[in-house]
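Fold and contact review
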Amino acid sequence: MFRCFPFGPLDEYELQVNQRLVTPLMGAVYYGMDHHFDEGTGILQLADADINDNPRDFEHERRGEVVEITPKFNRMIMFNATKWHRVTGVHNGARYTFAVNANKHKPKVLNFRDEKK
């Protein structure tokens, strides 16, 4: 099932305290190491969908709208992180990436973590 990255790099503080969904504006993934795993696994999948869309639609009737990007050594992918994205499972090996998210504002959860130090 597709997941909008409210389930990853989002501002957890805004979601829990203010019930506001704040996600990064842009995501980037860099494949800086050669990959050795089964073909057809570890694929980045992107869909032009947001929180208002039904993720099940992209499993079947809207499957043709899903863009799949295979990890390749020295490839960098930049995408709209507010849209749904996921990585297919990796079998018989490891997938190495460097992932970066760009936010418009510093996530409030980071302020909360700084105060606890």
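Whatever comes next refers back to the structure up there.
Predicted model, so just to flag it, every value in this text is computed and none were measured. (Residues numbered from 1 in each chain as written. Predicted model: local features only at pLDDT ≥ 70, side-chain atom pairs only at ≥ 80, totals over all residues. Heavy atoms only, no water.)

**Section: the overall build of the chain**
Secondary structure summary: the chain contains 2 helices and 6 strands in total. Helices (α) and strands (β) of the chain occur, in sequence order from the N terminus, as α-β-β-β-β-β-β-α. For the chain, the share of sequence-separated contacts (at least 6 apart) that also reach a separation of at least 24 residues comes to 82%. About 7,800 Å² of surface is accessible on the chain, with carbon and sulfur atoms providing 51% of the total. (Helix = DSSP H or I, 4+ residues; strand = E, 2+ residues; numbered from the N terminus. Contact = heavy atoms within 4.5 Å. Areas by Shrake-Rupley, 256 points an atom, 1.4 Å probe, with all protein chains shown as cover.)

**A closer look at the pattern of salt bridges**
Scanning the entire structure with this criterion turns up 1 salt bridge. For Lys 83, the salt bridge goes to Asp 48, with nearest N and O atoms at 3.5 Å. Here Asp 48 lies in the loop between strand 2 (44-47) and strand 3 (67-69) and Lys 83 lies in the loop between strand 4 (75-79) and strand 5 (84-87), a separation of 35 residues in the sequence. A relative accessible area of 22% places Lys 83 in the partly exposed class. (Salt bridge = Lys/Arg side-chain N within 4 Å of Asp/Glu carboxyl O. Buried < 20%, exposed > 50% of the residue type's maximum accessible area, 1.4 Å probe, protein only.)

**As for the sheet that holds strand 4**
Backbone-to-backbone hydrogen bonds join strands into a sheet, with any given pair of strands oriented parallel or antiparallel. The strand order across the open sheet formed by 3 strands is 4-1-6, and the pairing between neighbours is antiparallel. Pairing within the sheet leaves two strands with one partner each, and these edge strands are strand 4 and strand 6 (98-102). Across the sheet, the axes of successive neighbouring strands diverge by a mean angle of 15 degrees, strand direction being ignored. Sheet analysis places strand 1 (residues 26-31) next to strand 4, joined by 5 bridges and oriented antiparallel. Paired with Ala 28 across the two strands is Met 78, which belongs to strand 4. (Pairing = 2+ DSSP bridges. Axes fitted to C-alpha atoms, helices over the stretch in contact; angles between N-to-C directions.)

**Topic: the sheet that holds strand 2**
Read across the open sheet, the 3 strands follow the order 3-2-5; overall the sheet is antiparallel. Lying at the two open borders of the sheet, with one neighbouring strand each, are strand 3 and strand 5. With strand direction ignored, the average angle separating the axes of adjacent strands in the sheet is 20 degrees.

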